[in-house]
Amino acid sequence: MTDVDALVIGGGQSGLAAAHALRKVGRAPVLLEAGPEPVGSWPSYYDSLTLFSPARYSTLPGMAFPADPWHYPHRDEVIDYLRRYAKNLDADIRTDHRVERIRRDGPCFVAHVHDGQVLTAPVVIAATGAFGRPYRPDLPGLDTFTGTVLHAADYREPSKYAGQRVVVVGAANSAVQIGAELAEHAQVTLTTRHPIKFAPQLLLGRDVHFWSVVSGFDHLPIGHLVRNPPPMPVNDDGRYRRAVEAGNPDQRRMFTAIDGTQLIWSDGTREHVDTLILATGYRPELSYLDGTGALTADGLPRHKRGLSTTVPGLGYVGLEWQRSFASATLRGVGRDARYVTARLIRACT
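Residues numbered from 1 in each chain as written. Predicted model: local features only at pLDDT ≥ 70, side-chain atom pairs only at ≥ 80, totals over all residues. Heavy atoms only, no water.

Student: Would you take a moment to explain the environment of Glu33 for this structure?
Tutor: With respect to the helices and strands, Glu33 occurs in the loop between strand E3 (29-32) and helix H2 (75-88). For Glu33 and Leu49, which are 16 residues apart along the polypeptide, the C-alpha to C-alpha distance reads 23 Å. At 2.7 Å, the side chain of Glu33 and the backbone nitrogen of Gly35 are in polar contact. (Helix = DSSP H or I, 4+ residues; strand = E, 2+ residues; numbered from the N terminus. Polar contact = N/O pair within 3.5 Å; in protein donor to acceptor, adjacent residues only side chain to side chain.)

Quick look at the structure:
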């Protein structure tokens, strides 16, 4: 059993920001990452993923993104940035350390790692973020579909779907980006419960994130007031709206049933579909906290502004709307990490 100053669970952008914040207040954190390197979920995203925020607004504390400030980084650029950030971070980062369970033992937490290691700490920050568990909605007949079903988390590139009939479920950025890319190779429909909403990427010649930051909305601490986060519009420089309006991909309301490989649309028509792609978002992966009282019955954290409301000494970084609109983003996790760290350390000293 090893005693440490503080434990950070998860080595992506949220965990790295949390470790940085702990170092700034004089703690020597140990960061445990389940994967082979501290880059979070980024290598699992589709090949063509491009951020909708420019490099200037895609940085972690203490290290600028190495690109033109108004360049929109690609997935692999983000991965390289996180690698460099971790390398320059003065913290004990342990990869291939999957935490299976955390329990409370008096004033300390006890973390059980998959290889049998046990670590104790007075403070734990759960930084596995908001994107660890692909969400599969309860769609009519989905479990009976005999074609191919995959989540956007398992989609990589479009060539393998050439010539197929593909339906993408979802109305947010990933759904539209994947659908538009696939439409160059396959017949694609975006199916949604509500019409897709587009937001201009530029306003008065400036990226929308510039206005969000200078107005103060980006970091306005209203996350605890947002019970049901509103659906996010698709950030668009015009190409995605044009593609959808041209029917490439087209857009339809949600199907009403499935029969084998046939989708039944609301007007009663039937259509053979080869592949369904669920671009339906994610949920936090926090199963290692089961049994601590930290989670709801649905596995969601009980917290206020990232501080557990049921387990003293436990905090979170990287949850959507944790404190603000930007909480789950590269630019937002550092701000939240500082807030959570300061209060956790104050409470245990």
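There is more to say after this.
Student: Please explain helix H3 (residues 173-182) as it appears in this structure.
Tutor: One turn of an α-helix holds 3.6 residues; hence residues three or four places apart share an orientation. Taking burial as the measure, the 10 residues of H3 include 8 buried ones, the bulk of the element. Of all the positions in H3, only Ala175, Val176, Gln177, Ile178, Gly179, Ala180, Glu181 and Leu182 are classed as buried. The inward-facing, buried residues of H3 abut strand E11 (165-169), strand E12 (187-192), strand E13 (198-200), strand E16 (234-236), helix H5 (239-245) and strand E21 (275-278). (Buried < 20%, exposed > 50% of the residue type's maximum accessible area, 1.4 Å probe, protein only. Contact = heavy atoms within 4.5 Å.)

Student: Sorry if this is basic, but what is going on with the pairing of E21 here?
Tutor: Successive side chains on a regular strand alternate, one facing one side of the sheet and the next facing the other. With burial as the criterion, each face of E21 is covered, one bearing Thr275 and Ile277 and the other bearing Leu276 and Leu278. For strand E10 (residues 148-151) and E21, the ladder comprises 4 bridges, and the chain directions are parallel. In the sheet register, Val149 faces E21, and the bridge partner there is Leu276. Looking at chain direction, E11 and E21 are connected through 4 bridges and run parallel. If you follow Val167 over to E21, its bridge partner there is Leu276. (Pairing = 2+ DSSP bridges.)

Student: What am I meant to see in the nonpolar core here?
Tutor: Where a protein is soluble and globular, its nonpolar side chains tend to be buried together. The biggest cluster of nonpolar side chains holds 62 residues, and the ones touching the most others in it are Trp42, Leu60, Leu82, Val168 and Leu182. At the level of secondary structure, the elements contributing two or more residues to this core comprise strand E2 (6-9), helix H1 (13-24), H2, E11, H3, E12, H5 and helix H6 (330-347). No other element matches H6, which puts 7 residues into this core. Here Val168 is in contact with Ala175, Gly179, Leu182, Val188, Thr189, Leu190, Thr191, Ile277 and Ala279, once residues within four sequence places are set aside. Within the second largest apolar cluster, 23 residues are counted, among which are Val99, Leu286, Leu295 and Val311. (Core = buried A, V, L, I, M, F, W, Y, C linked by side-chain atoms within 4.5 Å.)

Student: What's the story with a nonpolar patch on the surface in this structure? I'm lost.
Tutor: Judged by side-chain polarity, Leu203, Leu204, Trp211 and Val214 come together as a nonpolar surface patch covering roughly 410 Å² of accessible area. Overall, Leu204 belongs to the exposed group, its relative accessible area being 80%. (Patch = residues over 30% accessible without salt bridge, like charges linked within 9 Å, V, L, I, M, F, W, Y side chains within 5 Å. Areas by Shrake-Rupley, 256 points an atom, 1.4 Å probe, with all protein chains shown as cover. Salt bridge = Lys/Arg side-chain N within 4 Å of Asp/Glu carboxyl O.)

Student: Before we go on, may I ask you to explain the environment of Ala130 in this structure?
Tutor: Checked against the element boundaries, Ala130 lands in the loop between strand E8 (124-126) and strand E9 (133-134). Sequence spacing of Ala130 and Gly313 is 183 residues, and the spatial spacing of their C-alpha atoms is 20 Å. Among all residues touching Ala130, those that are not within four sequence positions of it are Tyr282, Arg283, Pro284, Gly318, Leu319 and Glu320.

Student: In this structure, what is going on with the pairing of strand E7 (residues 118-121)? I would like to understand it.
Tutor: Relative to E7, strand E1 (residues 2-3) runs parallel, the two sharing 2 bridges. Following the sheet pairing, Thr2 is matched in E7 by Leu119. Sheet topology note: the strand E6 (residues 108-113)/E7 ladder contains 4 bridges and is antiparallel. In the strand pairing of E7, Val110 is matched with Thr120. Here E6 hands over to E7 after 4 residues, with Gly116 in that stretch at a positive phi of 100°.

Student: What should I look at first to understand the packing of H1 against H6 in this one?
Tutor: Two elements in contact, H1 and H6, have axes separated by 8 Å at closest approach and are oriented at 45°. Compared by their axis directions, H1 and H6 come out oblique. The two elements H1 and H6 cross, and the hand of that crossing is right-handed. Touching Gln13, Ser14, Ala17, Ala18, Ala21 and Leu22 of H1 are Leu330, Val333, Gly334, Ala337, Arg338, Thr341 and Ile345, all from H6. (Axes fitted to C-alpha atoms, helices over the stretch in contact; angles between N-to-C directions. Parallel < 35°, antiparallel > 145°, perpendicular 65-115°, else oblique. Left-handed = near helix turned anticlockwise from the far one by under 90°.)

Student: Mind showing me how you'd approach the pattern of salt bridges here?
Tutor: Pairing between side chains of opposite charge can happen when their charged atoms approach one another. In the structure shown here, the tally under the stated rule is 17 salt bridges. Notably, a salt bridge pairs Arg83 with Glu37, separated by 2.8 Å at the nearest N-O pair. Placement of the pair is Arg83 in helix H2 and Glu37 in the loop between E3 and H2, with a sequence separation of 46 residues. Take Arg83: its relative accessible area is 38%, and that puts it in the partly exposed class. Classification of Glu37 as partly exposed rests on a relative accessible area of 26%. Put simply, Asp76 and Arg75 hold a salt bridge, and the shortest N to O gap is 2.9 Å. A relative accessible area of 41% means that Asp76 is categorised as partly exposed. Since its relative accessible area comes to 10%, Arg75 is described here as buried.

Student: Hey, could you run me through the side chain of Arg27 in this one?
Tutor: Among the structural elements, Arg27 can be located in the loop between H1 and E3. Despite its burial, Arg27 pairs with no opposite charge; the closest candidate is Asp5, at 4.8 Å N-O. In this structure, Arg27 is in contact with Asp5, Leu22, Pro122, Ile345, Cys348 and Thr349, ignoring residues within four places of it in sequence. (Lys, Arg positive; Asp, Glu negative; His and termini not counted.)

Student: Any chance you could explain the sheet that holds E1 here in plain terms?
Tutor: Here we have 4 strands laid out as an open sheet, ordered E1-E7-E6-E5, and mixed in their pairing. The open sheet is flanked by E1 and strand E5 (99-105), the only strands paired with a single partner.

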